[in-house]
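Geometric and topological summary
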Amino acid sequence: MEQIFALFTIFLAFAFSGRCSDVFSRSDFPDGFLFGAGTSAYQWEGAAAEDGRKPSVWDTLCHSRNIGNGDIACDGYHKYKEDVKMMVDTGLDAFRFSISWSRIIPNGRGSVNQKGLQFYKNLIQELISHGIEPHVTLYHYDHPQHLEDEYGGWVNNMMIKDFTAYADVCFREFGNYVKFWTTINEANVFTIGGYNDGDTPPGRCSLPGKNCLLGNSSTETYTVGHNLLLAHASASRLYKEKYKDKQGGSIGFGLYLMGFTPSTSSKDDAIATQRAKDFYFGWFLGPLIYGDYPDTMKRTVGSRLPVFLEEESERVKGSSDFIGINQYFAASVTNIKFKPSLPRNPDFYSDMGAYVTYLGNFSVIEYAVAPWTMEAVLEYIKQSYNNPPVYILENGTPMTQQKDTHRVEYMHAYIGGVLKSIRNGSDTRGYFVWSFMDLFELIGRYDYGYGLYSVNFSDPRRKRSPRLSAHWYSDFLKGKTPFLDSQGIKELQSNFSPSS
Ligand SMILES: *[C@@H]1O[C@H](CO)[C@@H](O)[C@H](O)[C@H]1NC(C)=O
Ligand SMILES: *[C@@H]1O[C@H](CO)[C@@H](O)[C@H](O)[C@H]1NC(C)=O
Ligand SMILES: *[C@@H]1O[C@H](CO)[C@@H](O)[C@H](O)[C@H]1NC(C)=O
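I will try to describe carefully the structure that is included in this document. (Residues numbered from 1 in each chain as written. Chains lettered and ligands numbered in written order. Predicted model: local features only at pLDDT ≥ 70, side-chain atom pairs only at ≥ 80, totals over all residues. Heavy atoms only, no water.)

Topic: the nonpolar core
Stated precisely, the cut-off is as follows: To form a nonpolar core, buried Ala, Val, Leu, Ile, Met, Phe, Trp, Tyr and Cys residues must be joined to one another through side-chain atoms within 4.5 Å. Buried means the residue's accessible area, taken with a 1.4 Å probe over protein chains only, is under 20% of the maximum for its type, while exposed means over 50%, and partly exposed covers the values in between. By definition in these notes, contact holds between two residues if any of their heavy atoms fall within 4.5 Å.
The biggest cluster of nonpolar side chains holds 136 residues, and the ones touching the most others in it are Trp154, Trp181 and Tyr473. In this structure tryptophan 181 touches Ile99, Val136, Leu138, Cys170, Phe171, Phe174, Gly175, Tyr239, Ser250, Ile251, Gly252 and Phe322, once residues within four positions along its chain are discounted. Counting seven residues, the second-largest nonpolar core is a separate cluster that includes Phe180, Phe322, Tyr391 and Phe432.

Shown next, in the form of structure tokens:
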């Protein structure tokens, strides 16, 4: 009896949530709010060795570890016109993509590759002429291999100058049409993955059991984080001094943020959860908003955490016009204490003193529909970091089916979460689905299928096909109220033929 009652209550809750609080349409969002979808250079373009492009550290890691590669990827380099047409059909306001540094300046420094410039000019022109706003990331896991070989890439502060010179070329060549720049994509995960864990480019680490050739997980993670902040601040200053008056754009910095929740109600886990926020968010947001690292980090990391000179701190503080956020799921946080008697080189996780685990069902790849994570992250940034302008640069879930009803539910819920946050005062100004089409993924290669459009990677033509979610998003963007009760889903499905 109790069970039946509980079921009945759940039904009622669904019926109501479908009818009132979750009903919204795009006209509920503020004027100028941008809806889009994204890709990145190595994951979408292909043409890895064409027209003068040289390898980035991502190419090198893929080929040396034999973990699949983006040599061809979606072949966006040749198919961009077709893709822009799909964006128009879908009704996107904006397209987020990244520029391949080694396509523009193949050795990272020095001569500029005109054919590389031309590709991005063509792409940007195609977008602009169809009324689609380009949202451009300068760095997405892919600095030129030449700089890694020459001086160690981001572990060396010589990168600051080379990155700024690369940004200068991009501002000069594309800035008349590009109003939104993100310098660094998800700086925290790039740094942890590439220098602490060594699983993602450039694959450096010193953790036992990993097969990194070079690296030091105790120190490089923090050195690289520091250099990314200084490089961002330097590019941002250059933009303000040389381009902003004429071009009128804005510059942001990207982070990957999880909705953290303590794994138990213990006091230790609550404190560990705040530490996790300081290590994942405050590590970059502290310097960007307040000019310095959080005290918790300074205390635990000690001399391994670089120190900002006063003028550096002044330069980093306020250097982001907006914060770019990649948000996907919740993570539970458990306090850990390492026994000091055990000899162990400290790394990011032991410094943080917490286990962070993905909260969800590991047996399916799809992320749980948990929009509270989006709301929690946006609320935390609003309250703890003076409510800066925010763009959600990535949100989505892997799912390979064409009838991706789960993704529709996920997107509907998360977009609703963004709206709730805005209504409670968050200065969020845009939302981008990851990804516009299936890509070569950082984790999961070609098997994850994040796309609104699927891509047949066995087909030499890399045929794209809309998923149910592409139709749903398109309806939403064109102003229809996306009912998500069972009737609405049925209607959407009945109008859907996977080959359309
Ligand atoms: C990492 O660098 C620190 C500080 O220079 C040093 O003490 C430690 O031995 C290094 N670890 C490895 C694995 O090289
Ligand atoms: C809404 O904003 C207020 C003021 O910042 C805050 O106290 C409150 O917790 C927020 N509500 C939610 C649901 O986040
Ligand atoms: C993908 O393309 C290959 C090669 O053209 C074709 O044999 C296969 O049927 C396609 N798969 C789907 C799901 O369309």
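Here the narrative resumes, following the displayed structure.
Considerations on the site of ligand 2
For the record, the criterion: By convention in these notes, a residue is near a molecule or strand provided one of its non-hydrogen atoms lies within 4 Å of it. Two N or O atoms count as a polar contact when they lie within 3.5 Å, although within protein this holds only if one can serve as hydrogen donor and the other as acceptor, and sequence-adjacent residues are included solely when both atoms are side-chain atoms.
With respect to spatial proximity, the complete set of residues near ligand 2 consists of Glu379, Lys382, Gln383 and Asn424. Take glutamate 379: an N or O atom from its side chain is 3.4 Å from an oxygen atom of ligand 2. The contact in question runs from an oxygen atom of ligand 2 to an N or O atom on the side chain of lysine 382, over 2.9 Å.

Regarding the site of ligand 1
Note the threshold: To be clear on the numbers: accessible area is Shrake-Rupley with a 1.4 Å probe, and residue cover counts the displayed protein chains and nothing else. Residues were grouped as follows: Ala, Val, Leu, Ile, Met, Phe, Trp, Tyr, Cys and Pro as nonpolar; Asp, Glu, Lys and Arg as charged; and all remaining residues, including Gly, as polar.
Ligand 1 sits among Ser206, Asn216, Thr219 and Asn345. At 2.3 Å from an oxygen atom of ligand 1 is found a side-chain nitrogen or oxygen belonging to asparagine 216. For ligand 1, the protein covers 38% of the area, taking 360 Å² as the surface of the free molecule. A per-class count over the shell around ligand 1 returns no nonpolar, four polar and no charged.

Some details on the state of the cysteines
Short version of the rule: Note on terminology: disulfide denotes any pair of cysteine sulfur atoms within 2.5 Å.
This model, assessed by the stated rule, comprises one disulfide. In this model cysteine 205 forms its disulfide with cysteine 212; the gap between the sulfur atoms is 2.1 Å. On the sign convention where negative means left-handed, the S-S torsion of about 95° between cysteine 205 and cysteine 212 marks this disulfide as right-handed. Across the pair, cysteine 212 and cysteine 205 agree in class, each one buried. Considering cysteine sulfurs only, cysteine 62 is the nearest to cysteine 74, which forms no disulfide, with 14 Å between them.

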